[in-house]
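Residue-level structure breakdown
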Amino acid sequence: MVAISSGASPLAAETGDDAWLGYTALDKEQASIYENLPSSVLTMGDSPVLKSAQQELAAGVKKMLGPTLHLDADVAQPSVGSQARHVRNPVGDSFVLGTLSELKTIVPKLKPAREPSGDGYWLKVLRINGHKCLVITAATDRGVLYGVFALLRKIALGEDISAVDEMQQPSAPLRWVDQWDNLDGRIERGYGGPSIYFADGKVRDDLGRAAEYARLLASIGVNGCAINNVNADPHILDDAFITSVSRIANVFRPWGVQIALAVDLSSPKTLGDLDTFDPIDQRVAAWWQKKVDTIYREIPDFGGFVMKADSEGRAGPSAYGRTQADAANVIARALKPHGGVLFYRAFVYNHHLDWRNLKNDRAKAAYDIFHPLDGSFDDNVIIQIKNGPIDFQVREPVSPLLAGLPHTNEAVELQITQEYTGQQRQLCFLVPMWAEVLNFDMRVNGNPSTVADLVAGRVFHRPAGGVVGVANVGMDPTWLGNSLALANLYGFGRLAWNPTLSAESIANQWTRLTFGSDPLIVQTITKLQLSSWTVYESYTGPLGVGTLTNITGNHYDPGPESSERNGWGQWHRADHEGIGMDRTVATGTGFIGQYPPDVAKIYESLATCPDNLLLFFHHVSYTHMLHSGITVIQYFYDSHYDGAERAHDFVSQWMELRGHVDQQRYSEILAMLNYQAGEAIVWRDTICQWIYELSGIPDQKGRMKAISGDYLR
Ligand code: GCU
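Below is a short write-up of the structure. Only a predicted model underlies this, so the values are computations on that prediction, with no experimental measurement involved.

**Digging into the sheet that holds strand β15 (residues 341-345)**
Taken together, the eight strands give a closed barrel; going around it, the order is β9-β12-β13-β14-β15-β16-β17-β18, and neighbouring strands pair in parallel fashion. Pairs of neighbouring strands in the sheet enclose a mean axial angle of 25 degrees, with direction left out of account. As defined by bridge partners, strand β9 (residues 174-178) adjoins strand β18 (residues 465-470) across five bridges and the pair is classed as parallel. Bridged to Arg 175 within β18 is Val 467. On the sheet, helix α6 (residues 239-252) packs against β12 (224-226) and β13 (258-263) and is oriented at approximately 145 degrees with respect to β13. Strands in contact with helix α13 (residues 486-497) are β9, β17 (409-415) and β18; relative to β9, the strand with the most contacts, it is inclined by about 155 degrees.

What follows is the structure, encoded as structure tokens:
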């Protein structure tokens, strides 16, 4: 039985390093339900992952409840024959950590209704040898670690675990994050400080922060991390560099997070001494095999590669007239004997499109290129598909390619770093967006088929697949640049594990784990987070028009004209008459025809296309009437004014928390929200002015007059 002590001040200064793993001490009343928890831990095995599990459990219980658990680490018994056995029985009430096969050595009759597999775990109160035990078991040590984090989360959230019996299986087998870190320490689209891995072209000497990151990732069930930019520097594959990368793998290993590398297809030529990187050339295949063998000698549990090819100026198989499948397979075959996988990105498009041709459409590229290749990728290739067909805009429809690869593994790529959604200088909680994406029903063959089911391989019975998040954390104490943005990383992992969790429950949990359970804090932050995406959308890109940001520059400031008259294809086609891309089959680019028929039917017709995606799919006049009963132009004005007002209200909502949240985080977030309120006005006035000048139709509510007057003076 644990003796409960308690009492951390909720107002102690916090930097955010601990993220959601602060394990704040529970008060006496909250802690009282845990008085009967066991006071020792029996760990059945001694792998690094099990050791992390054991230490995390002890640290969490100590911080939240007070007592120091007695660590009764299992010792391998003398071997019988050639097999070392880990057989030991609890000598008192205990937490028991171990795989199911280990557990069965002491509880031979154990028969769970359903056995956990893969990364799944089972939390169960059992009597073993007459002692009350809280068992945390799984098929693998990593599953046990996930079970420990789940149990600690329950304690932090005050859930009753006295008779716990909970089995959890992750939705998809691969739940990875990508970091876009450059070897010089800068991070492409990173807003949380410099790289935690690299500085000045080398792996950092001190990898303490990387180890902390691996722990955070494990706590939300993330099992892989590609550590460098998809715009990959070939030197990542230098033999000497691989040796130093193995140091990163060493700090990730105890947390069950496999590391992976983004690689450049031209490496055999730029790095090796070949005069080609043609993927069907035998010398190129041999080069990749040798390189991969070297990596696995240094990093035996290496996860694999991420590849961006033929995209935004990257080398690709098109240089030799080969297909994306040729490029993927030559590398996948080198990884295969070692159990590695290749995430091959579907973000392949021509950024020199002729904008004068109204039939051209960047949104069609991924499907046009990859769908015809379906079935020609090896089974350790996973096609990594951005959630939308363009590029992480504030709202896009789901990429039709997700339903277009019945014979190929696939993963959906989400963006945790807020490139087009405020760059962590504005609040934008993206979990509601991702929940919509993952639960979107593609109606493959007219049957229910959510994106979550598709990427998990449940619809087409594929062996691998998953969810990838572009995280881009950095050295900033808050990891992502402000402490509220971290809810996106937390929510990513939780949703990747279980896409049916609601955004509200995730926001609520994250707030309680990060800021404590003061009801005012929980209510206020949850509400702010949940409204932030649609607020941001309302002043930066309503009605599915895409983010009206400066797309050729910083991807942040308003710059609606930058989308037009260039080859990048992020067109909104706004002119004096109307706005929006006609992507219909009937009169437009035909993009809508890439969706399964049930979905295509909804988008093709103005009568059924949802307002919030109208301008993504249709070009309409400014006076087109929305389902909501107002015109497109009036919606633009209203949306921008409402959005700016709601952003302004964020400030007063946050100010309610003065004296409740520690001063440091209070002031930092207040400064950010104040700034955001100003930025929302800049966006409002820029976009309203722009669309007024284009359309010549004034705001019915007269708000534009003041702006026009000011501008014209
Ligand atoms: C966006 C982003 C780039 C990134 C690219 C990608 O275009 O702006 O920085 O390289 O996506 O996902 O490959």
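**Some thoughts on the packing of helix α11 (residues 431-438) against α13**
Contact geometry for α11 and α13: axes closest at 10 Å, N-to-C directions at 20 degrees. When the axis of α11 is compared with that of α13, the two are roughly parallel. Crossing handedness for the pair α11 and α13: right-handed. Side by side, α11 and α13 meet where Val 431, Trp 434, Ala 435 and Leu 438 of the first sit next to Ala 487, Asn 488, Gly 491, Phe 492 and Leu 495 of the second. Tallied by class, the residues present in the contact of α11 with α13 amount to seven nonpolar, two polar and no charged.

**Points about helix α9 (residues 324-335)**
When the terminal C-alpha atoms of α9 are compared, their 17 Å separation across 12 residues agrees well with the 16 Å that a helix rising 1.5 Å per residue should span. With respect to burial, α9 is a largely interior element, 10 of its 12 residues being buried. Of all the residues in α9, the buried ones are Gln 324, Ala 325, Ala 327, Ala 328, Asn 329, Val 330, Ile 331, Ala 332, Ala 334 and Leu 335. Packing partners of the buried residues in α9 comprise α8 (282-298), β14 (304-307), β15, α10 (365-370) and β16 (381-386). Its side-chain oxygen 3.2 Å from the backbone nitrogen of Ala 325, Thr 323 forms the N-cap of α9.

The rules behind the values
Residues numbered from 1 in each chain as written. Predicted model: local features only at pLDDT ≥ 70, side-chain atom pairs only at ≥ 80, totals over all residues. Heavy atoms only, no water. Pairing = 2+ DSSP bridges. Helix = DSSP H or I, 4+ residues; strand = E, 2+ residues; numbered from the N terminus. Axes fitted to C-alpha atoms, helices over the stretch in contact; angles between N-to-C directions. Contact = heavy atoms within 4.5 Å. Parallel < 35°, antiparallel > 145°, perpendicular 65-115°, else oblique. Left-handed = near helix turned anticlockwise from the far one by under 90°. Nonpolar A, V, L, I, M, F, W, Y, C, P; charged D, E, K, R; others polar. Expected span 1.5 Å × (residues − 1). Buried < 20%, exposed > 50% of the residue type's maximum accessible area, 1.4 Å probe, protein only. Polar contact = N/O pair within 3.5 Å; in protein donor to acceptor, adjacent residues only side chain to side chain.

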